[in-house]
Structures are given as structure tokens and as C-alpha cells.
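Working through the structure, step by step
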Amino acid sequence: MGDRFTPEACHAGLVEHGLIIPVGAKGIFGRSAVFEDVLERFNLLVSKTGAGDRAESCVFPPVIDRKVLERVKYLESFPHLCGSVHSFTGNALQALALAERAREGGDWSEMLTATSVTLNPAVCYPVYPGLAGTLPAVGRIISIIGWAYRHEPSDEPTRMQSFRVREFIHAGTPDQVVAWRDQWLERGLTLLRGLQLPVAEQVAADPFFGRAGRLMGSNQMAQKLKFEVLVPVISSGEPTAICSFNYHQDKFGEAFGIRTADGEVAHTACLGFGMERVVMALFVHHGWHVEDWPAAVRAQLWPEGLSARVTAP
Ligand code: ZN
């Protein structure tokens, strides 16, 4: 038997077992009921793991005010990942021309104009404007799950254009948020090891654009601002990040006027589980049929038994 951790084996296994549904464009496949059930069950485990945080929960749409992207200087760091929403604002004659251009298979994108929103590239971004003002002494912790967009079309199944992240965000003093992030790193490793995934942690950098970006990336690594938890999914040698822990220092506190109880600029940290990647890792490691997964893993995901799971349509 060859290496089972290859992009081809992962993609073929997911498709042949009906877990993902190709739709044409790269990296935006559908998810089956079984896939979604595993995702939802894992999400519940994350909630249980973080219950002590007493986080405030909220949900945001998959689009974001483009002014927020400007304020976090997203285009300075990741212009290559941005997805902007454009719409038609012309008259009836221009509408006919638009439809005709599309019918002929031509490029109709130049006939659209930018809207006030972009696709949201980081699930936590919409949270920071709402934290403006003075925080309580213990800071604030927010829990969210949402869709992120990154322009990274790929045949490789773990490299998606659109995916969900379960995130927690803490705003407070530097000591509060760093201690919290370190605690979550341990919690995350324990949770994933409990699901029998051979995870390892590693200092990491964001995929900043260009030459200046490489410098930003090495600064980020030197200061240990980002950790990732990795597990083999499509490669043994280059394991996939399924969870990341980010200390932003005062970046968002400064950008959105978030202050601690004693009047200092607040620091923030966030952590996120890449939900589809976790689900794929579970299938790749434990088999394509959840019935065959190790009993100890099933007991955690489906404490009331597999019969309670959602069955495929
Ligand atoms: Zn985040």
C-alpha cells in the first residue's frame, strides 16, 4: 500500500463516498449530510471544550463592509486573496449588453461596479468594530462560526476558496489574551488528540503577499505571534494546518478604538478551527465510513450513539 496521504487519494475518497460534491469551479464543492453531521458534531465538542470561557456567541454573514478591510489594511498584506463583490448598476440598454456578453461567453465583469462589500476573508474581522470602547476588566471573549473566502482555487481538497472556521476572539490586556491563547493551544491539542489525530504544533506565518510580505512573515515567526496545529491529510511530509492561534498585539485595538478597563489600547488574540479540514482529517485517518471509526472517537462525537446521526439523503 502506498502513501495514503496524497491530494489525489483524499479527493477521490471524499468524492467516491459522496462526502463532497464537485460543482465545476475549484475549491467550492458541496458537502453531504454525513460530512455536515461530522462537522456539526465536532463544532459541539469545540463548544464543550470552551464552555468555561463563557464566550458571547454571534453570527455574521459571509460578506463584510469593505471599510473594515481597509481599516485592518488587508490589501497591504493579502491583495491576492481578496474577493470583492461587484454588481450591475447600469440602465436597461446596458443590461441587454451585459446579458448578450454573457450569452456569447465574453468577459462581462468589466460591466459591473464594486458594491460596499467584499467576501469576508477572516471570520473574526466583523467582530472588532463591535468591540470599540472600553472593555470590562476581564476583557471580552466572542465565539463565532462563519464562512471565509480566499482566492486560492485549487484541485487540492484542503485548499478551498470558501470554508468555515469556528473561532474564539479575546480582547483584553496583553497578559490576559496571551495566557488565554496558550491555554487554548493546550485545549486544542488535547481535543484533537482525543479524536486520535496525530497532531503537532508549530510556529507559523500568514501567507503575506510579495517580498515585503516575506519580511512580515519572518517577523511574525520571530515573535511567535502565530501557532498552527498540523496533521497529515494530503501529505505525510507537509501536514495540513487544521487550527491556528493568532496574537494580533494592539493591531485591532488601535484600528477600532478598543480600550482596556484602565484605558490602555486593548490587545486581541483569536483562534480558529478549520472545520472542513478537521472533518477531512477525521475521514482520512479513520476511514470513509463513520461506522468503522474507532469506538472511542465515535463515543465523543456521537455520545448517544451513531443511530442519532443524520443519514445521507
Ligand atoms: Zn481570527
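Reading the values: the criteria
Residues numbered from 1 in each chain as written. Predicted model: local features only at pLDDT ≥ 70, side-chain atom pairs only at ≥ 80, totals over all residues. Heavy atoms only, no water. Domains from an automatic or database assignment. Contact = heavy atoms within 4.5 Å. Buried area = accessible area lost by both parts, 1.4 Å probe. Salt bridge = Lys/Arg side-chain N within 4 Å of Asp/Glu carboxyl O. Polar contact = N/O pair within 3.5 Å; in protein donor to acceptor, adjacent residues only side chain to side chain. Helix = DSSP H or I, 4+ residues; strand = E, 2+ residues; numbered from the N terminus. Nonpolar A, V, L, I, M, F, W, Y, C, P; charged D, E, K, R; others polar. Pairing = 2+ DSSP bridges. Axes fitted to C-alpha atoms, helices over the stretch in contact; angles between N-to-C directions. Buried < 20%, exposed > 50% of the residue type's maximum accessible area, 1.4 Å probe, protein only. 1 Å grid on protein atoms, 1.4 Å probe; cavity = no way out; pocket = protein on both sides within 12 Å on 5 of 7 lines; lining within 4 Å. Points joined across faces, edges and corners; volume = space filled by probe spheres on them. Phe/Tyr/Trp six-rings, centres within 6.5 Å; stacked < 30°, edge-to-face > 60°. Lys NZ or Arg CZ within 6 Å of the ring centre and 35° of its normal. Parallel < 35°, antiparallel > 145°, perpendicular 65-115°, else oblique. Left-handed = near helix turned anticlockwise from the far one by under 90°.

**Looking at the domain arrangement of the chain**
Splitting the chain by domain gives domain 1 (7-83 + 121-308) and domain 2 (86-119). Using C-alpha coordinates to define each centre, domain 1 is positioned 34 Å away from domain 2. Counting residues at the interface gives 9 residues for domain 1, matched by 6 residues for domain 2. Buried area between domain 1 and domain 2, summed over both chains or domains, comes out near 750 Å², and the portion from carbon and sulfur atoms is 55%. Of all residues in domain 1, V63, R66 and G83 give up the largest surface area on contact with domain 2, accounting jointly for 59% of the area buried on that side. Linking domain 1 with domain 2 are 0 salt bridges, by the criterion used here. Linking domain 1 with domain 2 are 5 residue pairs in polar contact (both at pLDDT 80 or more), by the criterion used here. When residues of the side of domain 1 that touches domain 2 are traced back to their parent elements, those giving at least two are β4 (63-65) and α3 (66-71). In the side of domain 1 that touches domain 2, the residues fall into 6 nonpolar, 1 polar and 2 charged.

**Section: the sheet that holds strand β3 (residues 56-57)**
Ordered in space as β3-β8-β9-β14-β12-β11-β10, the 7 strands form an open sheet in which the pairing is mixed. Each end of this open sheet is capped by a strand with a single partner; those strands are β3 and β10 (200-203). When β3 meets strand β8 (residues 140-149), the two strands line up parallel, connected through 2 bridges. Bridge pairing in β8 places E56 opposite I142. Together, β8, β9 (162-172), β10, β11 (226-231), β12 (240-249) and β14 (267-274) form the strand contacts of helix α6 (residues 174-194), whose direction differs from that of β14 by roughly 15°.

**Topic: the pairing of β14**
Of all 8 residues in β14, 8 are buried; the element is thus mostly enclosed. Here β14 shows a buried face lined by H267, A269, L271 and F273 and a second buried face lined by T268, C270, G272 and G274. Two elements, β9 and β14, share 8 bridges in a ladder whose sense is antiparallel. Each residue of the ladder has a partner; that of A171, found in β14, is T268. Direction of pairing for β12 relative to β14: antiparallel, over a ladder of 6 bridges. Across the sheet, C243 pairs through a bridge with F273, a residue of β14.

**Observations regarding the pairing of strand β6 (residues 113-119)**
For a regular strand, side chains alternate in direction, first toward one face of the sheet and then toward the other. Pairing of β4 with β6, which is carried by 3 bridges, proceeds in the antiparallel orientation. Across the sheet, D65 pairs through a bridge with V117, a residue of β6. With 3 bridges joining them, strand β5 (residues 84-87) and β6 adopt antiparallel strand pairing. Note that in β6 the partner of S84 across the bridge is T118.

**Observations regarding empty space enclosed by the protein**
Counted according to the given criterion, the structure contains 1 cavity of 30 Å³ or more. Roughly 40 Å³ of internal volume is contained in the largest cavity. What lines the largest cavity is F60, P61, N120, V123, P126, I144, I145, G146 and W147. Here the lining of the largest cavity is built from residues that sort into 7 nonpolar, 2 polar and no charged.

**Some remarks on the packing of aromatic side chains**
Between two aromatic rings, the relevant description is the distance of the centres plus the angle of the planes. According to the stated counting rule, one finds 11 aromatic pairs in the structure shown. An angle of 15° between the planes, with centres 5.1 Å apart, marks the rings of F78 and F208 as stacked. Here F208 lies in the loop between β10 and α7 (210-222) and F78 lies in the loop between α4 (74-77) and β5, a separation of 130 residues in the sequence. For the pair F78 and F208, one class covers both residues: buried. Geometrically, the ring pair formed by F283 and W288 is stacked, given 6.4 Å between the ring centres and 10° between the ring planes. Clustering of aromatic rings is evident, with ring pairs tying together Y74, F78, Y125, Y128, F208 and F252. Over the ring of W184 we find R187, and its NZ or CZ is 4.8 Å from the ring centre.

**Considering the packing of helix α2 (residues 33-49) against α6**
The N-to-C vectors of α2 and α6 enclose an angle of 140°; their axes lie 11 Å apart at closest approach. The angle between α2 and α6 falls in the class oblique. By crossing handedness, the relation of α2 to α6 is classed as right-handed. Taking contact as the criterion, the partners of F42, L45, V46 and T49 in α2 are, on α6, W184, R187, L191 and L192. The residue makeup of the contact of α2 with α6, split by class, is 6 nonpolar, 1 polar and 1 charged.

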